[in-house]
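Tertiary structure, described
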Amino acid sequence: MPGTYNPTMGSLIVTGTGTNVGKTHVSAILVSLFAQAGKRTAYYKPYQSGVYHDGKRHVIPDVDFIKRHSPLSASDIHVTYALTPPLSPFHAAQAMGVAVTSTEVARTAASLSTAYDSLVIEGAGGLYTPILSNYFFIDLFKELAMPVVLVADASLGAINSTLLSCEALCHHGIKIALVVLNRTRTDDDGSESHACSFLSDQIKPTPVFLLPHMSGRLPIREQLSSLDCSLMVSLA
């Protein structure tokens with residue numbers, strides 16, 4: 001079904017089957033692993049919604065998460081559009097009365113991919129989250145021509161949402177490097193392992209990784225030693 005990732009390529013896009021499935025979580029793991037492998041690594045969030053002021057400073061949620069949970073310095077973490085409303089980039093920009101484009105994002109992504117050994121670009125929401133009135137994240141990913149890491153919530157429903165997203169990516173000719181099923185809960189009703197096994201058969205040779213639930217109390221970079229992240233390490 002999906003294409004096979006070429007490991008000589010140094011840039012990856014992290015997208016998800018929807019919102020709050022763990023894209024930033026997986027992005028933090030990837031940049032940490034790449035940095036530990038000795039790669040000069042950057043994180044790029046082209047469109048960030050939900051920016052707010054906490055009384056002291058502007059909080060950029062995903063960017064701040066990467067700063068807290070990965071070894072990257074602030075100069076290696078990039079964002080182009082920081083939008084206040086917690087909406088899609090298209091609707092957030094409309095609400096603010098500002099213009100966003102894909103041209104600047106594509107230019108920045110090309111520049112960063114040249115300047116760094118490894119680049120992780122994180123989308124927002126899912127594949128059909130709108131950036132412009134008739135331009136979605138899946139269109140941007142096709143334009144960037146970089147392989148994708150697809151993140152899904154591992155709980156019940158993962159099979160349907162993952163296969164639909166894989167089908168859309170394949171239809172647009174976008175290569176899938178890895179599917180990550182993210183355990184967002186501490187309890188396991190058995191559906192997660194069934195989903196991982198089933199999806200592994202359905203989308204082979206694309207690997208499927210079942211990510212264990214990780215504590216939010218410790219930085220992700222400090223928890224990697226307890227994980228078998230060989231599939232993710234291979235992407236470096």
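In what follows, the accompanying structure is described. (Residues numbered from 1 in each chain as written. Predicted model: local features only at pLDDT ≥ 70, side-chain atom pairs only at ≥ 80, totals over all residues. Heavy atoms only, no water.)

**Examining the pattern of salt bridges**
Taken as a whole, this structure holds 4 salt bridges when the rule is applied. Among the salt bridges present, the one from Asp62 reaches Lys45, with a minimum N-O distance of 2.8 Å. Taken together, the positions of Asp62 in helix α2 (residues 61–69) and Lys45 in strand β2 (residues 41–48) put the pair 17 residues apart, joining distant regions of the chain. Notably, a salt bridge pairs Glu104 with Arg107, separated by 2.5 Å at the nearest N-O pair. Here Arg107 and Glu104 lie together in helix α4 (residues 103–115), a separation of 3 residues that amounts to about one turn. (Salt bridge = Lys/Arg side-chain N within 4 Å of Asp/Glu carboxyl O. Helix = DSSP H or I, 4+ residues; strand = E, 2+ residues; numbered from the N terminus.)

**Quick word on the packing of aromatic side chains**
The tally for this structure, following the rule as stated, stands at 4 aromatic pairs. Measuring from centroid to centroid gives 5.7 Å for Tyr47 and Phe137, while their planes differ by 90 degrees, and the two rings are edge-to-face. Of this pair, Tyr47 sits in strand β2 while Phe137 sits in helix α5 (residues 137–144), and the two are 90 residues apart along the sequence. Residue Tyr47 shares its accessibility class with Phe137, and that shared class is buried. (Phe/Tyr/Trp six-rings, centres within 6.5 Å; stacked < 30°, edge-to-face > 60°. Buried < 20%, exposed > 50% of the residue type's maximum accessible area, 1.4 Å probe, protein only.)

**Quick word on the layout of surface pockets**
Of the pockets and cavities examined, the largest pocket occupies roughly 590 Å³. In terms of lining, the largest pocket is formed by 32 residues, of which the most central are Asn20, Val21, Gly22, Thr24 and Asp62. Mapped onto the lining of the largest pocket, the elements with two or more residues apiece are α1 (23–36), β2 and α2. Looking at the lining of the largest pocket element by element, the count peaks at 4 residues for α2. Grouping the amino acids of the lining of the largest pocket by side-chain chemistry returns 9 nonpolar, 18 polar and 5 charged. (1 Å grid on protein atoms, 1.4 Å probe; cavity = no way out; pocket = protein on both sides within 12 Å on 5 of 7 lines; lining within 4 Å. Points joined across faces, edges and corners; volume = space filled by probe spheres on them. Nonpolar A, V, L, I, M, F, W, Y, C, P; charged D, E, K, R; others polar.)

**Some points on the packing of helix α6 (residues 158–171) against helix α7 (residues 191–202)**
In the contact formed by α6 and α7, the axes pass within 10 Å of each other and the chain directions differ by 25 degrees. Taken together, the axes of α6 and α7 lie roughly parallel to each other. Crossing hand, α6 versus α7: right-handed. Counted together, Ala158, Ile159, Thr162 and Leu163 of α6 and Ala195, Phe198, Leu199 and Gln202 of α7 form the full contact between these two elements. (Axes fitted to C-alpha atoms, helices over the stretch in contact; angles between N-to-C directions. Parallel < 35°, antiparallel > 145°, perpendicular 65-115°, else oblique. Left-handed = near helix turned anticlockwise from the far one by under 90°. Contact = heavy atoms within 4.5 Å.)

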